[in-house]
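Examining the three-dimensional arrangement
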Amino acid sequence: MKMITRRDFLKASAVVGATAALTACGGGDSSSTAASSTASSAPASSAAEEPAEEAAGGATIGICIYQFADNFMTLYRADLEEYLGELGYAVTIMDGKNDQSTQTEQINTFLQQGVDVLIINPVQTTSAQTIVDTISPSGIPIVFINREPDKAVLDSYPDKCCYVGADARQSGTYQGELILETETQGDINGDGVITYIMCKGDPENIDAQYRTEYSIKALTDAGKQVECLYEYLDNWDQTLAQQDVANALAQYGEQIEVVFCNNDAMALGALQSIQQVGRTVGTDIYLVGVDALADAVQAVMDGNMTGTVLNDDVGQATAATEATRLYVEGEPVEQYYWVDYVKVTPENAAEYL
């Protein structure tokens with residue numbers, strides 16, 4: 001019997017509900033940068049029963065990812081390539097290398113090629129309006145993903161621009177709730193104050209801002225007193241987080257009761273430093289992340305992380321694919337498509353491996 005993996009399960013669930021969910025949830029150098037291409041003449045096997053020409057109408061999709069080195073976006077772009085390929089679309093994916101000027105050049109290349117839809121994970125959300133102003137004269141629709149632009153940006157390109165993502169306020173809230181659900185509710189030494197450090201992602205990324213704010217808001221809304229010992233700017237990077245948490249542990253020692261990380265890569269780096277000094281997660285320190293990367297989920301199962309929050313790459317890629325299809329086929333597209341986060345704890349972690 002074939003074992004059903006988390007990604008198989010999530011994909012099947014997402015595909016079954018994609019159309020209904022999307023209808024209802026509207027609310028608010030080429031050789032080195034081209035990561036992959038799925039040609040419409042060679043669609044994925046699941047789309048093989050219907051010719052690509054009928055399924056896709058020869059549609060070509062350009063995808064701009066802010067940085068291939070990001071663990072979560074690696075999963076996300078693989079999902080996009082697969083799902084769009086199953087529709088028979090020709091797909092080219094570019095690595096922005098975390099440089100906005102590089103990504104802008106890639107967008108201009110796609111415009112020159114005349115792609116049918118652009119899926120953009122912006123390097124800088126502050127550049128989203130410039131991106132729209134660059135693309136809008138062409139009339140090519142835009143699906144922004146993962147990094148949310150201001151609503152005014154979407155409004156400036158009506159019926160041709162949407163955002164697919166998850167509300168980062170929810171992920172931050174869930175991190176705080178994971179701490180409140182522990183035996184000591186985060187106050188390990190019982191002095192009435194939860195002392196913590198925060199490992200933050202890109203300061204321009206709204207997800208980093210909201211996760212930082214709302215993780216602590218969940219604690220204060222529950223009537224807890226908190227004290228921030230230090231916030232570290234680790235830009236989603238595991239190695240930076242490992243170094244900063246090592247420094248924090250050397251400086252603050254047992255004062256640190258909770259380590260909040262805006263993503264799992266940083267949490268895994270923090271875990272290395274926590275273990276190196278002989279601290280034990282769940283006993284004398286708590287540690288939470290976001291994304292539900294496989295290594296982090298395993299750490300939760302093993303008791304080495306307090307919890308993480310599933311950032312559903314499958315659900316978001318499914319929604320982005322469906323929005324792209326609607327644009328290709330000239331059907332109405334909502335301005336926002338939201339995908340829920342999920343708390344991952346030792347009790348349910350096995351479901352997400």
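What comes next is a walk through the structure. These numbers come from a predicted model, not from an experiment.

1. Some points on the overall build of the protein chain
Along the protein chain, the regular secondary structure elements total 13 helices and 13 strands. Each of the 353 residues in the protein chain was classed as buried or not, and the buried ones make up 52%. Carbon and sulfur atoms form 48% of the exposed surface of the protein chain, whose accessible area is close to 14700 Å².

2. A few points about the sheet that holds strand 9 (residues 258-261)
Judged by pairing direction, the sheet is parallel, and its four strands sit side by side in the order 8-7-9-10 without closing on themselves. On the outer flanks of this sheet lie strand 8 (225-233) and strand 10 (286-288), each paired with one strand and no other. Each strand axis lies, on average, 20° off the axis of its neighbour in the sheet, ignoring direction. As paired strands, strand 9 and strand 10 are joined by three bridges and run parallel to one another. Across the sheet, residue V259 finds its bridge partner in strand 10, namely L287. Across the sheet, helix 10 (residues 238-252) touches strand 7 (193-200), strand 8 and strand 9, and the angle it forms with strand 8 is around 135°.

3. A closer look at the environment of G96
Note that G96 resides in the loop between strand 3 (90-95) and helix 5 (100-113). The residues touching G96, leaving out its near neighbours within four places in the chain, are I65, Y66, T102, Q103 and Q106.

4. Here we look at the side chain of T125
With respect to the helices and strands, T125 occurs in the loop between strand 4 (117-120) and helix 6 (128-135). In terms of polar contacts, T125 uses its side chain to reach the backbone carbonyl oxygen of E204, at 3.0 Å. Dropping the residues within four chain positions of it, T125 is found in contact with R147, E148 and E204.

5. Some points on helix 4 (residues 71-86)
Compared with the 22 Å implied by 1.5 Å per residue over 16 residues, the 23 Å span of helix 4 between its first and last C-alpha is a close match. All of the buried residues along helix 4 are F72, M73, Y76, R77, D79, L80, Y83, L84 and G85. The N-capping residue of helix 4, defined by a side-chain oxygen 2.9 Å from the backbone nitrogen of F72, is D70. With its phi angle positive at about 90°, G88 sits one or two positions after the end of helix 4.

6. A few points about the pairing of strand 5 (residues 142-145)
Burial along strand 5 is two-sided: I142 and F144 and V143 and I145, pointing in opposite directions, are all buried. Where strand 4 meets strand 5, three bridges bridge the pair, whose relative direction is parallel. When the bridges of strand 5 are listed, I120 appears paired with F144. Where strand 5 and strand 6 (residues 161-165) come together, four bridges link them in parallel fashion. Bridge pairing in strand 6 links I145 to V164.

7. Observations regarding the nonpolar core
Soluble globular proteins tend to bury their nonpolar side chains together. V143, I145, V259 and L287 are the most contacted members of the largest nonpolar core, which has 65 residues in total. Among the elements that make up this core, the one with the highest residue count is helix 13 (residues 313-328) (seven residues). Counting 20 residues, the second-largest nonpolar core is a separate cluster that includes C64, L118, V132 and Y157.

8. Looking at the pattern of salt bridges
Overall, the coordinates contain 12 salt bridges when judged by the stated rule. Two residues, E322 and R325, come together in a salt bridge whose shortest N-O distance is 2.5 Å. Taken as a pair, E322 and R325 lie in helix 13 at a separation of three residues, close to a single helical turn. As a salt-bridge pair, R325 and E329 come within 2.6 Å of each other at their nearest N and O atoms. One network of salt bridges, with partners in common, ties together E322, R325, E329 and E331.

9. Quick word on the packing of helix 8 (residues 168-180) against helix 9 (residues 206-221)
Axis separation between helix 8 and helix 9 bottoms out at 7 Å; the angle between their running directions is 35°. The two elements helix 8 and helix 9 cross, and the hand of that crossing is right-handed. On the side of helix 8, the interface is formed by A168, R169, S171, G172, T173, Q175, G176, E177, I179 and L180, while helix 9 contributes I206, D207, Y210, R211, Y214, S215, A218 and L219. Split by residue class, the contact of helix 8 with helix 9 holds eight nonpolar, six polar and four charged.

10. Here's the deal with the side chain of D187
As for its placement among the helices and strands, D187 is situated in the loop between helix 8 and strand 7. Other than its neighbours up to four places away in sequence, D187 contacts G192, V193, I194 and E257.

11. With respect to the environment of I119
Structurally, the position occupied by I119 is in strand 4. Through-space distance from the C-alpha of I119 to that of A323 is 9.9 Å; in sequence the pair is 204 residues apart. Apart from residues lying up to four places away in sequence, I119 is in contact with I61, G62, I63, C64, L80, L84, V143, I145 and T324.

12. Points about the packing of aromatic side chains
Counted according to the given criterion, the structure contains seven aromatic pairs. Plain terms: the ring middles of Y196 and F260 are 5.7 Å apart, the flat faces sit at 85° to each other, and that makes the pair edge-to-face. Highlighted residues: Y196 in strand 7 and F260 in strand 9, separated in sequence by 64 residues. Judged by its relative accessible area of 6%, Y196 falls in the buried class. Exposure remark for F260: the relative accessible area of 0% places this residue in the buried category. Taken together through their ring pairs, the aromatic side chains of Y163, Y336 and W338 make up a single cluster. Positioned above the aromatic ring of Y66 is the side chain of R147, whose terminal nitrogen or guanidinium carbon lies 3.7 Å from the ring centre. Lying across the ring of Y174, K343 places its NZ or CZ 5.4 Å from the centre.

What counts as what
Residues numbered from 1 in each chain as written. Predicted model: local features only at pLDDT ≥ 70, side-chain atom pairs only at ≥ 80, totals over all residues. Heavy atoms only, no water. Helix = DSSP H or I, 4+ residues; strand = E, 2+ residues; numbered from the N terminus. Buried < 20%, exposed > 50% of the residue type's maximum accessible area, 1.4 Å probe, protein only. Areas by Shrake-Rupley, 256 points an atom, 1.4 Å probe, with all protein chains shown as cover. Pairing = 2+ DSSP bridges. Axes fitted to C-alpha atoms, helices over the stretch in contact; angles between N-to-C directions. Contact = heavy atoms within 4.5 Å. Polar contact = N/O pair within 3.5 Å; in protein donor to acceptor, adjacent residues only side chain to side chain. Expected span 1.5 Å × (residues − 1). Core = buried A, V, L, I, M, F, W, Y, C linked by side-chain atoms within 4.5 Å. Salt bridge = Lys/Arg side-chain N within 4 Å of Asp/Glu carboxyl O. Left-handed = near helix turned anticlockwise from the far one by under 90°. Nonpolar A, V, L, I, M, F, W, Y, C, P; charged D, E, K, R; others polar. Phe/Tyr/Trp six-rings, centres within 6.5 Å; stacked < 30°, edge-to-face > 60°. Lys NZ or Arg CZ within 6 Å of the ring centre and 35° of its normal.

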